[in-house]
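An overview of the molecular structure
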Amino acid sequence: MAAPLEAYRRLQEAARPVWEAVARPERPLFRVAVATCTRAAGADETLAALREELSRRGAEADVLIVGCPGLCFADPVVDVHLPGLPRVLYGRVTADQVPRLLDAVLGEARVLPELALGVVLYEEERMEGYRGTPVEGLPDLAQSDWMRLQVRRLMANVGHVGAEEIDHYIARGGYEGLAKALSMTPEEVIKEVLDSGLWGRGGAAFPTGRKWDFLRQARGSPKYLICNADEGDPGAFVNRSLMEGDPHLLIEGMLIAAWATGASYGYIYIRDEYPLPVERMRKAVEQARERGLLGENVLGSGLSCDLEVVRGAGSYVCGEETGLISSLEDVRGMPKIRPPYPAQAGVFAKPTNVNNVESYANVPLILRHGAGWYASVGSERNKGTKMFSLSGQVQRVGVLEVPLGTPVRDVIMVAGGGPPEGRKLKGLQPGGPLSGVAPASRILAQDGLPLEPEPFREIGMLMGAGGLVVLDDSSCVVDLALYFEWFAEDESCGRCTTCFGGTRRLQEMLRRISEGGGRPEDVPLMRLLPDAMRNANCAHGQAAPTIILSLLDLFQDELQEHLVRKRCPAKACRGLVRYEVVAQDEALPRAADICPTQAIVKEDGSYRIDQARCIRCNACKEVAPQAIAVLDRFAEQA
Amino acid sequence: MGLTSRHSSRFTPIDFIADDTGLVARVQALLDDVEPDRAQMLEALHRIQHELGYVPKEAIPFLAAKFKTTPAMIYGVLTFYSEIRTEPPPRVEVQWCSGPACLLKGSRNIRLALEAEFGCGMNESAPDGALGLRLVQCDGTCHLAPLVRLNGRYIGPLTVTDAIQLARRLKEEARRA
Ligand SMILES: Cc1cc2nc3c(=O)[nH]c(=O)nc-3n(C[C@H](O)[C@H](O)[C@H](O)COP(=O)(O)O)c2cc1C
Ligand code: SF4
Ligand code: SF4
Ligand code: FES
């Protein structure tokens, strides 16, 4: 056996007992998902309550911190594994629910059906004959609407292994892909990655193997790797979820890249908004170093490579690869002018390869199982799986992993449960500010709009890096476009007038339209600007008007309503609505009380709204839904 | 504050930086092990902000010397990043998520109401300086949209009414404090 594989087997032997104790626990094991999303819903308090309650009861049990298994809609989640029984995932386990949960699972009942989301079966357990014998009456989670479209490869460990436990990762086959790669030549590794068909998950969909080959052939040393974990697209949180739940997958992928390209140092650049991933990745890097997986002579192979985690400071364009490089060089994070490309002169003017978190994370699986296995799921044109974060006006918000080519319709309507009760699907905003909006008619078409780059390109959009923001009929695309142009201007680095000036002009126009000042000539003008903006230096400015083109081409009717009839059909543009008292009822005094501008005044015994004061915040309507109506501002007075 | 004008060289030796308030000495201690040329600027800024709550302008000449660059370049970096503050934060700060999921669920109404209640705009402090509003980006906690963050806690999904009541409670607490 080659030296790296032998060294790896020894590591794995040592790790196995640690994992065994968790995989087949002899006393109750509570997996608590501690991630940014679960924490927001109170997971820290749940964890503290669980520990306290267990010790108060003197219960013999273990607690393991894991990543978020993606069911954010049910946060905080706790997975309970009782010896000899299949695991059960519980949702909405806030701290106050902990005593109740423990009463049930440690008592006679053994389950708490009210909070149970379903039975969790991993391959190991399925093979051991648990299949078909879930805990009395509980559904198999894998068959639920949320899970059944999913193929979890990247996420196989997330929520399963300890988020800070390298031994769990190794025992489950982690770092085997690295050991295999180290027993191959760099050319062979690159060929394997090319054969898998893997392309970059950060947005541009460039073949990962080809990028690596550029760096391998580049002259100059040292060579650098960068992992782009900036994940700045609002509504995208897949990289975060992976780093929090399975940090070693990324490290292993970067090490394989180091071997394939000849790089000797790597930066993992994580956005400021992600303190927990920074913490988890730093810890994982340390653990990998302790095991001889990072640093000098990795697994006795002669590869020397180290990694460092850098925390960003709040800038969207630092996700653009040359902006990121500037940021690492300790200057303003402004995207650079290309050429030279990063492979020729990247960070510190040295040859550099930049990949997204998910791109690197796919590689260990490709090396471990082979390119053929990898390409066994996906569509005709695109192989493998992709993680997506589903959010917005949809019933279930969370993170999923589906084969490329899965219809987005199914992701929204089946996994997500569709729009909220009583609402209709209006569209989808995928992949952040540069990618446009797809209308419901396209999503609900025969093919369901497959999640892969080509169908999105055909309608002038980008699939993006994983964010899927769902719109229902209470949203307005003019309003959304205004938001994204604001975002684009706010985040513009300021180098190109076409970018910061173009986004500003678009905002001015949209703002005017959303206040009733639209003019017919706005349409040709809105078409002209994107042409000029294509001359911007980087994709930020070039693609910022994509949503304008969606508005012009895919949502014309809505735009026309705003322009010609000066009304917002969804009543989302504040400049086009007014609040009026339409009936006097007993809720009005409370409405007057809640109004932040004292705009609801009482005259001659009846209430009315002083339009000069009203800021149209909707608070009164929440309190007095019958008495207050939202009317079109420019319609006849009621 | 600042560079001594006697020095015309591009880099100021650290000894020549005035430090009337002792701030620079504190910053210097924080950055002992930080090396220039090693992608450590952001780390340095985070450490300072973590300790002081913001990066004071008084630290600029020191940082310039430390990183072998000019004060102008440091100023450029400081002002580029939205999460680096150059002014002390208000005592209580409501952080309003500007992301798309929150937007679709009515966050703009919440923003208007908060601004009206506090009497200040986004990224400003109320006249008495105790309360402030800050715009933040989505961090993928959209299951709680629309939300605000307060002292690291997430509050959501919020109605406009909830937001107004929260603001009034905070104002009341600030008044009593
Ligand atoms: C404004 C802007 C922001 C970007 N943000 C990210 C990001 O947050 N994460 C990311 O991986 N790629 C981002 N990209 C794409 C990167 O420039 C680059 O293409 C990517 O990191 C390459 O990795 P990949 O080949 O693995 O996809 C962004 C691009 C632009 C223009
Ligand atoms: S397009 Fe915008 S973000 Fe990109 S370099 Fe130009 S100004 Fe900067
Ligand atoms: S919409 Fe807001 S500002 Fe206007 S009357 Fe109602 S509560 Fe007051
Ligand atoms: S949009 Fe507010 S948390 Fe995602």
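Details of the structure are given in the entry above.
Report on the accompanying structure. Just so it is clear, the model here is predicted, and its values are computed rather than measured. (Residues numbered from 1 in each chain as written. Chains lettered and ligands numbered in written order. Predicted model: local features only at pLDDT ≥ 70, side-chain atom pairs only at ≥ 80, totals over all residues. Heavy atoms only, no water.)

Scanning chain A from terminus to terminus reveals 26 helices and 18 strands. Its C-alpha atoms put chain A at 90 × 70 × 45 Å along the principal axes. Residues counted as buried form 62% of the 638 residues belonging to chain A. Across chain A, the fraction of contacts at a sequence separation of at least 24, relative to all contacts at a separation of at least 6, is 72%. By element, 50% of the accessible surface of chain A is carried by carbon and sulfur atoms, the whole surface being about 23400 Å². Separation of charge centres in chain A, based on 72 positive and 85 negative side chains, amounts to 3 Å. (Helix = DSSP H or I, 4+ residues; strand = E, 2+ residues; numbered from the N terminus. Buried < 20%, exposed > 50% of the residue type's maximum accessible area, 1.4 Å probe, protein only. Contact = heavy atoms within 4.5 Å. Areas by Shrake-Rupley, 256 points an atom, 1.4 Å probe, with all protein chains shown as cover. Lys, Arg positive; Asp, Glu negative; His and termini not counted. Charge placed at Lys NZ, Arg CZ, Asp CG, Glu CD.)

Okay, the interface of chain B and chain A next. Counting residues at the interface gives 48 residues for chain B and 66 residues for chain A. Roughly 4400 Å² is buried in total at the junction of chain B and chain A, and carbon and sulfur atoms are behind 59% of that figure. For the chain B face of the interface with chain A, the top three residues by lost area are Phe80, Leu104 and His143 of chain B, together amounting to 15%. In this assembly, chain B and chain A are joined by three salt bridges. In this structure, arginine 153 of chain B engages glutamate 45 of chain A in a salt bridge whose closest nitrogen and oxygen atoms are separated by 2.9 Å. (Buried area = accessible area lost by both parts, 1.4 Å probe. Salt bridge = Lys/Arg side-chain N within 4 Å of Asp/Glu carboxyl O.)

Another point: the site of ligand 1. Residues and elements named next belong to chain A. Close contacts around ligand 1 come from 18 residues, with Gly202, Lys211, Asn355, Asn356 and Ser359 the closest. The contact in question runs from an oxygen atom of ligand 1 to an N or O atom on the side chain of asparagine 228, over 2.9 Å. Those elements giving two or more residues to the shell around ligand 1 turn out to be β9 (352–356) and α22 (539–543). Ranked by residue count, the leading element in the shell around ligand 1 is β9, at three residues. (Near = heavy atom within 4 Å. Polar contact = N/O pair within 3.5 Å; in protein donor to acceptor, adjacent residues only side chain to side chain.)

To continue, consider the packing of aromatic side chains. Residue and element names in this part refer to chain A. All chains considered together, the criterion is met by 14 aromatic pairs over all chains. Here the aromatic rings of phenylalanine 206 and phenylalanine 214 are separated by 6.1 Å at their centres, their planes lie at 35°, and the arrangement is tilted. On the accessibility criterion, phenylalanine 206 (31% relative accessible area) is partly exposed. Between the aromatic rings of tryptophan 486 and phenylalanine 487, the centroid separation amounts to 6.5 Å while the plane-to-plane angle is 65°, which identifies the pairing as edge-to-face. For tryptophan 486, a relative accessible area of 22% translates into the label partly exposed. Members of the aromatic cluster, joined through ring pairs, are Tyr316, Tyr483, Phe484, Trp486 and Phe487. Over the face of the ring belonging to tryptophan 373 we find arginine 153, whose NZ or CZ atom lies 3.7 Å from the ring centre. Over the face of the ring belonging to phenylalanine 73 we find arginine 396, whose NZ or CZ atom lies 6.0 Å from the ring centre. (Phe/Tyr/Trp six-rings, centres within 6.5 Å; stacked < 30°, edge-to-face > 60°. Lys NZ or Arg CZ within 6 Å of the ring centre and 35° of its normal.)

What follows is about the sheet that holds strand β12 (residues 425–430) of chain A. All names here are of chain A. If you trace the five strands from one edge of the open sheet to the other, you get β11-β10-β14-β12-β13, paired in mixed fashion. Both edges of this open sheet fall to β11 (398–403) and β13 (438–439), since each of them pairs with a single strand only. Here strand β10 (residues 385–392) pairs with β11 via six bridges, running antiparallel. Residue pairing for β11: threonine 385 is matched across the bridge by proline 403. (Pairing = 2+ DSSP bridges.)

In this section: the sheet that holds strand β6 (residues 224–229) of chain A. Residue and element names in this part refer to chain A. Read from one edge to the other, the open sheet built from four strands follows the order β8-β7-β6-β9, with strand pairing classed as parallel. Strands at the two margins of the open sheet, each flanked by one partner only, are β8 (306–311) and β9. Adjacent strand axes in the sheet meet at a mean angle of 20°, parallel and antiparallel pairs treated alike. In terms of strand pairing, β6 meets β9 through five bridges, oriented parallel. Bridging across to β9, asparagine 228 finds its partner in asparagine 356. Running at roughly 90° to β9, helix α14 (residues 357–369) makes contact with β6 and β9 of the sheet. (Axes fitted to C-alpha atoms, helices over the stretch in contact; angles between N-to-C directions.)

Residues Tyr175, Ile251 and Leu299 of chain A are the most contacted members of the largest nonpolar core, which totals 122 residues. Residue contributions to this core peak at ten residues, all from helix α11 (residues 247–261) of chain A. Not counting residues up to four positions away in its chain, the partners in contact with tyrosine 175 of chain A are Tyr8, Ile166, Tyr169, Ile170, His248, Ile251, Glu252, Leu255, Ala288 and Leu293 of chain A. The next biggest cluster of nonpolar side chains, apart from the first, holds 45 residues, and it includes Val94, Ile110, Leu112 and Val148 of chain B. (Core = buried A, V, L, I, M, F, W, Y, C linked by side-chain atoms within 4.5 Å.)

Around ligand 3 sit 13 residues in total, of which Cys595, Cys614, Ile615, Cys617 and Cys620 of chain A are the nearest. By residue class, the composition of the shell around ligand 3 is ten nonpolar, two polar and one charged. (Nonpolar A, V, L, I, M, F, W, Y, C, P; charged D, E, K, R; others polar.)

Further remarks concern the pairing of strand β17 (residues 606–609) of chain A. Residue and element names in this part refer to chain A. Residue alternation in β17 divides its side chains into a buried set, Tyr607 and Ile609, and an unburied set, Ser606 and Arg608. Of the strand pairs in this sheet, strand β16 (residues 600–603) and β17 are connected by four bridges, and their pairing is antiparallel. What sits directly across from lysine 602, in β17, is tyrosine 607. Taking the residues between adjacent antiparallel strands as the criterion, β16 and β17 are bridged by two residues, where aspartate 604 takes a positive phi near 50°.

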